[in-house]
Amino acid sequence: MPARKRGQRHLGEQGDGDLSVARAAGSYLFDTRGKRYVDFVMGWCVGNFGWGDAELERRIERFRGPDYVYPDYRYRPWEELATLLARLAPGDLTKCFRATGGSEAVELAIQAAMLHTKRHAFVSLEDSYHGNTFGAMSVAGSEYREKFPRLLPNCHKIRLPLDEDALDRIETRLERRDVAAFIMEPVSINLGVCVPQPGFMEGLRALCTRYRTLLILDEVACGFGRTGRIFATEHFDIEPDIMCVAKAISGGVAGMGAMLATAAVGETMEAKGEFYSTYGWHPRSTDVAIASIRRIMRDKRKLLAQVAATSDYFRERIGGIEFGSKLTLNMLGLAIGLHFEEDEYGDALADRCRSNGLLVASQSSDVLLLPALNIDRRTASRGLDILEQSV
Ligand SMILES: Cc1ncc(COP(=O)(O)O)c(C=O)c1O
């Protein structure tokens, strides 16, 4: 999978800034002129259960808790949510830190890694995206350094593909024993759905353990069922030291993020970290996230079976479309990356899709489809028909 040239391209940058949203329902979005779009972006992995999900809406309407809780106090629902997340997460991530979103969760992860290892270097993937705060930009693609030359120093980037050769390059860097953490999305949505080659993640985990470097997995976009497992990490035989979540945790109904860590890392963070967050885990966000996580736990089998079946359907339909440029399809579950040989083909295709009533994300030669995990077959088919008409 070729590297993306820039970080994640947001809707505003791709000429969609004039899409004025009036309302959204299920997998449909309506603009202020009444035009209806099939939504294959879903807020970039936020609306995993569709917009206006009845269970989450009901929950927020019926919320009778406090307007606000000062972060230094105790609040039982915080403990409940932290326990649920720890239960759902892979491995032994028993400590949970509150954040308002993905970038803040990544900042907490960077901080925890530095404090726990007493080291300051990081290794990550070239062209990756982890948010717009300074720590997150430091470990993302090198292009951020062109704009902000004084980001965190000693951040080394590994180029794709994620294979044996990449492991050798990583080992060369980790051998210096100054790397606090290796950070990556286990399945990188922001790199056009980059799935590491077999053995890579296990090899990476072994190297991190050998050189006492922490492994941070950023599940902000790929978490909560997107790739066909609850967390993308579960496709591999590994356990991270730290995991970041946000986006679909609350289905978009309220802002929320979290950093999960092993007991050892969490204890260091509790003793030495800076994690006060005024709006981190607002009571309403907490309530809706509890409902969302409980539902994922309750319906896990059904949800993942649905992702698998819908994924097969997308694969088959995409395979039957004759695009105007040679296609490489990178997909896992409902994380679907279409890479085209021709530069700008993805952007042009996305523009035509939008005119025809379908929203997809694009960047230059790439198109991403990130439909709701529970999209019904009729709507999926309608969206794919529009994609086909738009080539
Ligand atoms: C992998 C990843 N990490 C972190 C972030 C930052 O999340 P937020 O926008 O909630 O700060 C994003 C946002 O797109 C992301 O895709």
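If you're wondering where the values come from, they're calculated on a predicted model, not measured in any experiment.

Participant: Can you break down the sheet that holds strand E11 (residues 327-332) residue by residue, with the values?
Facilitator: A sheet is described by the order of its strands in space; here four strands give the open sequence E11-E12-E15-E14, paired in antiparallel fashion. Looking at strand neighbours, the two that pair on one side only are E11 and strand E14 (361-363), the edges of this open sheet. Pairs of neighbouring strands in the sheet enclose a mean axial angle of 15 degrees, with direction left out of account. When strand E12 (residues 335-340) meets strand E15 (residues 366-369), the two strands line up antiparallel, connected through four bridges. Looking at the pairing, leucine 338 lines up with valine 367 of E15. In the packing of helix H12 (residues 345-356) onto the sheet, contacts are made with E12, E14 and E15, and the angle to E14 comes to roughly 150 degrees.

Participant: Describe the sheet that holds strand E13 (residues 358-359), with residues and values.
Facilitator: Reading across the sheet, the four strands line up as E1-E2-E3-E13 and stay open at both edges, with mixed pairing between neighbours. With partners counted over all chains shown, the strands left at the sheet margins are strand E1 (21-25) and E13, one partner each. In this sheet, strand E2 (residues 28-31) lies alongside E1 in antiparallel orientation, the contact comprising four bridges. Residue pairing in the sheet places arginine 23 in a bridge with phenylalanine 30 of E2. Relative to strand E3 (residues 36-39), helix H13 (residues 377-389) is tilted by about 100 degrees, and along the sheet it contacts E2, E3 and E13.

Participant: Summarise the state of the cysteines; cite the residues concerned and give the values.
Facilitator: Under the criterion given, the structure shown has zero disulfides. The structure places no disulfide on cysteine 96, whose sulfur is separated from the nearest cysteine sulfur, that of cysteine 244, by 11 Å. Relative accessible area serves as the criterion here: at 19%, cysteine 96 is assigned to the buried category. Residue cysteine 353 stays outside any disulfide, its sulfur separated by 18 Å from that of cysteine 45, the closest cysteine.

Participant: Quick one: what's the story with the packing of aromatic side chains, residue by residue and with numbers?
Facilitator: Centre-to-centre distance and the angle between the planes together describe a pair of aromatic rings. Inspection of every chain in the model, using the stated rule, returns 10 aromatic pairs. A ring pair is formed by tyrosine 70 and tyrosine 73, whose centres lie 5.1 Å apart and whose planes are at 70 degrees; its orientation type is edge-to-face. Measuring from centroid to centroid gives 5.1 Å for phenylalanine 97 and phenylalanine 275, while their planes differ by 75 degrees, and the two rings are edge-to-face. A residue pair is termed long-range when its members are at least 10 positions apart, and phenylalanine 97 in strand E4 (residues 95-99) and phenylalanine 275 in the loop between helix H9 (263-272) and helix H10 (283-298) qualify at 178 residues. An aromatic cluster is present here, built from Tyr70, Tyr73 and Tyr276 joined pairwise through their rings. A cation sits over an aromatic face here: arginine 98 above tryptophan 78, 3.7 Å from the ring centre. Over the ring of phenylalanine 49 we find arginine 295, and its NZ or CZ is 4.0 Å from the ring centre.

Participant: Break down the pairing of strand E9 (residues 242-245) for me, citing the residues and quoting the values.
Facilitator: Taking every second residue as pointing to the same face, both faces of E9 are buried, with Ile242 and Cys244 on one and Met243 and Val245 on the other. Sheet topology places strand E8 (residues 214-218) next to E9; three bridges connect them, and they run parallel. Across the sheet, the residue bridging to aspartate 218 is cysteine 244, located in E9.

Participant: Please provide a residue-by-residue account of the confidence of the model for the chain, values included.
Facilitator: The predicted model of the chain has a mean per-residue pLDDT of 95, with 96% of residues at 70 or higher. Contacts of residues 1-14 to residues separated by more than four positions or lying in other chains number 49 contacts, the stretch itself having pLDDT below 50.

Participant: Explain the side chain of arginine 295 to me, using residue names and the numbers behind them.
Facilitator: Among the structural elements, arginine 295 can be located in helix H10. Overall, arginine 295 belongs to the buried group, its relative accessible area being 7%. Apart from residues no more than four positions distant in its own chain, arginine 295 is found in contact with Phe49, Asp53, Glu55, Leu56 and Lys300.

Participant: Describe the nonpolar core, with residues and values.
Facilitator: Counting 105 residues, the largest nonpolar core has Leu85, Phe182, Leu204, Phe224, Phe314 and Leu369 as the members making the most contacts within it. The contacts of leucine 204, once residues within four sequence positions are left out, are Leu167, Ile170, Phe182, Met184 and Leu215. Counting 26 residues, the second largest nonpolar core, distinct from the first, contains Ala112, Cys155, Ala180 and Met259.

Participant: Outline the side chain of aspartate 163, listing residues and values.
Facilitator: Mapped onto the secondary structure, aspartate 163 falls in the loop between strand E6 (155-158) and helix H7 (164-174). Buried charge without a partner: aspartate 163 forms no salt bridge, and the closest opposite charge is arginine 169, 4.5 Å away. Setting aside residues up to four positions removed in sequence, aspartate 163 forms contacts with Arg169, Gln197 and Phe200.

Here is what the cut-offs are and how they apply
Each chain has its residues counted from 1, following the order in which its sequence is written. Given that the model is predicted, a residue must reach a pLDDT of at least 70 before its local features are reported, and side-chain atom pairs must reach 80 or more before they are shown or counted; all residues, however, enter totals for whole chains, interfaces and linings. Heavy atoms from the whole structure form the basis of all side-chain values; hydrogens and water molecules are not counted. Only strands that DSSP links by at least two bridges are regarded as paired with each other. Secondary structure is summarised from DSSP: a helix means a run of H or I of at least four residues, a strand means a run of E of at least two, and numbering begins at the N terminus for each. Here, axes are lines fitted to C-alpha atoms. For helices the fit covers the stretch in contact, and angles between N-to-C directions go from 0 to 180 degrees. By definition, residues are in contact when any of their heavy atoms lie within 4.5 Å. Defined by distance alone, a disulfide is two cysteine sulfur atoms within 2.5 Å. Each residue gets one of three labels from its accessible area relative to the maximum for its type: buried under 20%, exposed over 50%, partly exposed in between, using a 1.4 Å probe on protein chains only. Here is the rule: rings of Phe, Tyr and Trp (six-membered ring for Trp) pair when centre to centre is within 6.5 Å. Planes less than 30 degrees apart are stacked, more than 60 are edge-to-face, and the remainder are tilted. Comment: the charge-over-ring label is applied if NZ (Lys) or CZ (Arg) is within 6 Å of the ring centre and within 35 degrees of the ring normal. Values of pLDDT, the confidence the predictor places in each residue, fall between 0 and 100. Note on terminology: a nonpolar core comprises buried Ala, Val, Leu, Ile, Met, Phe, Trp, Tyr and Cys residues joined through side-chain atoms within 4.5 Å. Neither His nor the chain termini are counted; the positive set is Lys and Arg, and the negative set is Asp and Glu. In the sections that follow, a salt bridge refers to a side-chain nitrogen of Lys or Arg positioned within 4 Å of a carboxyl oxygen of Asp or Glu.

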